[in-house]
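Residue-level structural notes
These are the residues of each chain, in order.
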Amino acid sequence: MICTLLLSACGSNSNSSSNDSSASANKAANASGSANGGASGNAAASAGDDGFNPVGDYPIVKKPITLNMFAPQLPSIENMETNLFTKFVEDKTGVQIKWDLVPNDALNDRKQLMLAGGDYPEVILNGNLTKDEQMKYGKQGVLVPLNDLIDKYAPNFKKIMEELPYVKGSVTAPDGNIYALPQINECYHCNFAQKLWINQAWLDKLGLKMPTTTDELYTVLKAFKEKDPNGNGKADEIPLTGSDEMWAGNIAAFIMDSFIIDDHADKDSGTYLQVKDGKVDFVANKDEWKQGLTFLNKLYKEGLIDPAAFTQNADAIQQLGNKDPNIMGSITTALISYAFGPDDQHPRHKDYVTVPPLKGPNGVQQTPNFAGIGNSQFAITNKATQEQQIAAIRFADYLYTEEAIVLEEHGVEGKGWVKAKEGELDMDGKQAKYTLIPTDPNQTVHNDGWEQIGPSLRTYQYRNSWTSKQDPLAEGGYETRLKRESEKYEPYASKEMYPTGTFIPLEDTEVAAQLKTTIMSYVNSNMAQFITGSKEIDKNWDSYVKGFDGLQLDKYIEIYQKGLANG
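What comes next concerns the included structure. (Residues numbered from 1 in each chain as written. Predicted model: local features only at pLDDT ≥ 70, side-chain atom pairs only at ≥ 80, totals over all residues. Heavy atoms only, no water.)

1. What about the overall build of the chain?
Stated precisely, the cut-off is as follows: Going along the chain from the N terminus, every DSSP run of H or I of four or more residues is numbered as a helix, and every run of E of two or more is numbered as a strand. As a reference, a globule follows 2.2 Å times the number of residues to the power 0.38, and the radius of gyration itself is taken over C-alpha atoms. Per-residue accessibility, obtained with a 1.4 Å probe over protein chains only, is compared with the maximum for each type, and a residue is labelled buried under 20%, exposed over 50%, and partly exposed between these values. Pairs of residues are marked as contacts when any of their non-hydrogen atoms sit within 4.5 Å. In this tally, Lys and Arg are treated as positive and Asp and Glu as negative; His is ignored, and so are the chain termini. Throughout, a charge is located at the NZ atom of Lys, the CZ atom of Arg, the CG atom of Asp or the CD atom of Glu.
Scanning the chain from terminus to terminus reveals 20 helices and 13 strands. Relative to the compact-globule value of 24 Å for 567 residues, the chain shows a C-alpha radius of gyration of 25 Å, a close match. Reported as C-alpha extents along the three principal axes, the dimensions of the chain are approximately 80 × 60 × 35 Å. Among the 567 residues that make up the chain, the fraction classed as buried is 53%. Contacts spanning at least 24 positions in sequence make up 76% of the contacts within the chain whose residues lie at least 6 apart. Taken together, the 54 basic and 76 acidic charged side chains of the chain have centroids lying 2 Å from each other.

2. Side note on the sheet that holds strand β3 (residues 123–124)
To keep things clear, this is the line we draw: Only when DSSP finds a minimum of two bridges between them are two strands counted as paired. Angles shown run from 0 to 180 degrees and are taken between the N-to-C directions of axes, each axis being a line fitted to C-alpha atoms and, for helices, limited to the stretch in contact.
Sheet architecture is open: 4 strands sit in the order β2-β1-β3-β10, paired in mixed fashion. Each edge of the open sheet carries a strand with a single partner, namely β2 (95–103) and β10 (379–380). Pairing of strand β1 (residues 65–73) with β3, which is carried by 2 bridges, proceeds in the parallel orientation. Bridge pairing in β3 links Phe 70 to Ile 124. Docked against the sheet, helix α14 (residues 386–399) engages β1, β2, β3 and β10, running at close to 50 degrees with respect to β1.

3. Structural notes on unusual backbone geometry
A cis geometry characterises the amide bond from Tyr 58 onward to Pro 59, with omega recorded as 0 degrees. The omega torsion of the bond from Asp 324 to Pro 325 falls at 0 degrees, within 30 degrees of zero and hence cis. Inspection of the secondary structure assignment puts Pro 325 in the loop between α13 (314–321) and β8 (330–332). One non-glycine residue, Asn 128, lies in positive phi territory at about 45 degrees. Along the chain, Asn 128 falls in the loop between β3 and α4 (131–139).

4. A short note on the pattern of salt bridges
Formally: A pair is scored as a salt bridge if a Lys or Arg side-chain nitrogen falls within 4 Å of a carboxyl oxygen belonging to Asp or Glu.
Evaluation of the coordinates by the stated rule reveals 23 salt bridges. Residues Glu 302 and Lys 222 are paired through a salt bridge, measuring 3.2 Å at the closest nitrogen-oxygen approach. Within this pair, whereas Glu 302 is found in the loop between α12 (287–301) and α13, its partner Lys 222 is found in helix α10 (residues 214–226), the two being separated by 80 residues in sequence. One salt bridge in this structure joins Asp 549 and Lys 546, with 3.7 Å as the shortest N-O distance. There is no split in this pair, since Asp 549 and Lys 546 are both exposed. Connected via shared salt-bridge partners are Lys 222, Glu 226 and Glu 302.

5. Quick notes on the side chain of Ser 465
Counted only if it meets this: Identification of polar contacts relies on pairs of N or O atoms within 3.5 Å, with a donor-acceptor requirement for protein atoms, meaning one able to donate a hydrogen and the other able to accept it, and with residues adjacent in sequence counted only if both atoms are side-chain atoms.
Along the polypeptide, Ser 465 turns up in the loop between α16 (460–463) and α17 (478–487). On the accessibility criterion, Ser 465 (8% relative accessible area) is buried. Polar contacts involving the side chain of Ser 465 include one to the main-chain carbonyl oxygen of Tyr 462, which spans 2.5 Å.

6. Some details on empty space enclosed by the protein
To be explicit about the condition: Only protein atoms enter the 1 Å grid, on which a cavity is a set of points fitting a 1.4 Å probe that cannot get out and a pocket is an open set with protein on both sides within 12 Å along at least 5 of 7 lines, lining residues being those with an atom within 4 Å of a point. Grid points are joined across faces, edges and corners, and a volume is the space filled by probe spheres set on the points. Nonpolar residues are Ala, Val, Leu, Ile, Met, Phe, Trp, Tyr, Cys and Pro. Charged residues are Asp, Glu, Lys and Arg, and all others, Gly as well, are polar.
Applying the stated rule across the entire model yields 2 cavities of 30 Å³ or more. Of the pockets and cavities examined, the second largest cavity occupies roughly 30 Å³. Lining the second largest cavity are Gln 194, Phe 254, Asp 257, Pro 357, Gln 366, Thr 367 and Tyr 489. Looking at the lining of the second largest cavity residue by residue, the classes come out as 3 nonpolar, 3 polar and 1 charged.

7. Concerning the layout of surface pockets
The volume enclosed by the second largest pocket comes to roughly 600 Å³. Lining the second largest pocket are 30 residues, with Tyr 166, Ala 371, Gly 372, Pro 499 and Thr 500 positioned closest to its centre. When residues of the lining of the second largest pocket are traced back to their parent elements, those giving at least two are α7 (165–171), β4 (183–185) and α20 (553–566). With 4 residues, α7 is the largest single contributor of residues to the lining of the second largest pocket.

And the structure:
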C-alpha cells in the first residue's frame, strides 16, 4: 500500500520479545518421500536431525546446505547475491541461497506460471501467495504442509501463534494445514486506515467544533462551502473530497459506517458483508444502507461532496492539494500525505487532523478494523528433500527474530541504525531501543538489506521501539502522528465487520470470486447513481433490492458463512 507514502516500514512492526528460542531438537522416525524427490511436511518433521545443531543454536546445519529460493528483485536493491544481509544470514544459519529472482512487477505472473508448470525451486521466500493459491497447490502436493515442521523446528512462529490470536486462523487452510508463512505487519494506521482528515484551521477560523455526528458534519461542510474559510472572496472551497484510487479514499464508506458497516474502503477492498451472532448477512440491501445513501445524496446535491471524488485518481488529489489558496476542507484517506507532503516544504499538512468515527442518527458509531493476514510469503515445495525442509523452516523461523528484522530492513548497525541513546524517545514518549541514521535522499539503490522480503514479524511493540520525533507535526514525526491519529479510531472498531484473512473453501473460491465481482460491481454502480441523483432513491430502491435476486446473493452469503465456520 504505497510504501513510499507510508514511511520506512509500510504497515510493519516486529516483536521485541521474539528472541531465538533454545531447545533441543527431537530425534525423528522414518518418513516417506513425496513427488520430485521431496517429502511431505509430516515426513520431514520425522526425518533424522543428525546434520543439524539443536533448535535455537546457530548455524542451523553442521555443514552448509544450499536452498534454491524464489524472490523478487526489488529495483532499490543492488544485488541479492552480494547483499550484506544475504551474506549475514548465510553465515548465521549455514544455509547458502541460490536465488531464483524475478522483477518485482512480474512476480505474480512468474509465480503462477512456475507453480502451474512445475518449474519451481525448493523454497518460495517471497511469493505473495493468495489463500486460493495456498489451498490449490497445497491440495496438489506442490506446497508442503508445514504444521509438523513448525511444531518441531519453529519455536518463534509457534510463539507468535500463541501470542497473536488472529495469526493461526489467518494462515490455517480449511483442511487444517498451514501451507505458507506470512509477513505479520501491525500498525495502527493500517488497521484503522479508513479516516477522515479535516482542516482544523478552517474550523478555528469559522468558530466550529470538531463534528461528532453526521448532522454536525453536514453543518461543518455547509459552512466550508458558504463562509469562505480560505478568505479569497470566492466560493471555490471543496468541503469534502476523496478517491477510490487512494488507500481508504472512499468517501461513501466513511459516511456509511455511521449507518451500517461498510468495508469497501477503496477499490481493492470489501465484501459488503456483516456478521451478527455468528451469522453472515449482506448490508447493501438494508434499510440502514438506504438511510446512508439518502444522507450522502443530500451532501452531494448541496455541493458538499466533490463530484470528482468518484472518478479522480491519487495524482488528481495531489494537484488539488497544491492549489493556492488551499481549497480542500476535508478528505477521506488513510494518509494525509496523498494530498500534502508531510514535511517543512509543505506546511499545509499541519492544518489537518482526523475526525473520529461519527455517530449516525440511529446511534451507530464504528470503524472497520483491517487487522489480519491476507496473502502469505514463505512456502516449501515438494522439490525439497527432508533435510532441506528442516533447514528451510528453521531458516524462516530465524527471520521472525528481532535481530533478523532489524538487519534485513535497516541494514548494518552503525550505517542504517544505531542503538538509541539514553533520553531518545519512542512514539509513546518512552525510552527508545533503536535510532535510524538518516540516509541520503538522492540514494535510490542500496545493498545493505532485503527491505521487507520474506516472512517477518513487526508488531506494535517493535514499531514503537524506534526513536521518533515527539512533535507529530515536525519533519520526521509523521509516523508518530499517524499512530496518534489512528488511536482515535481504535475504541470504535466494528464488532460486525466480516473478518479479513478468512479462507474461503477451495471448492468455492472460483464461484465466490465471480459472485463477489458481480455483486460489488452492481452495488458500486447503483451507489454512485443514488448518491449523484441520476437514480432517485425512494423511486428506485425496491427495484435495486430486487435486482439481487438474479445475482445469487444467497449463494454468496452461504459461501462466506462456510469460510467463517472454517476459521
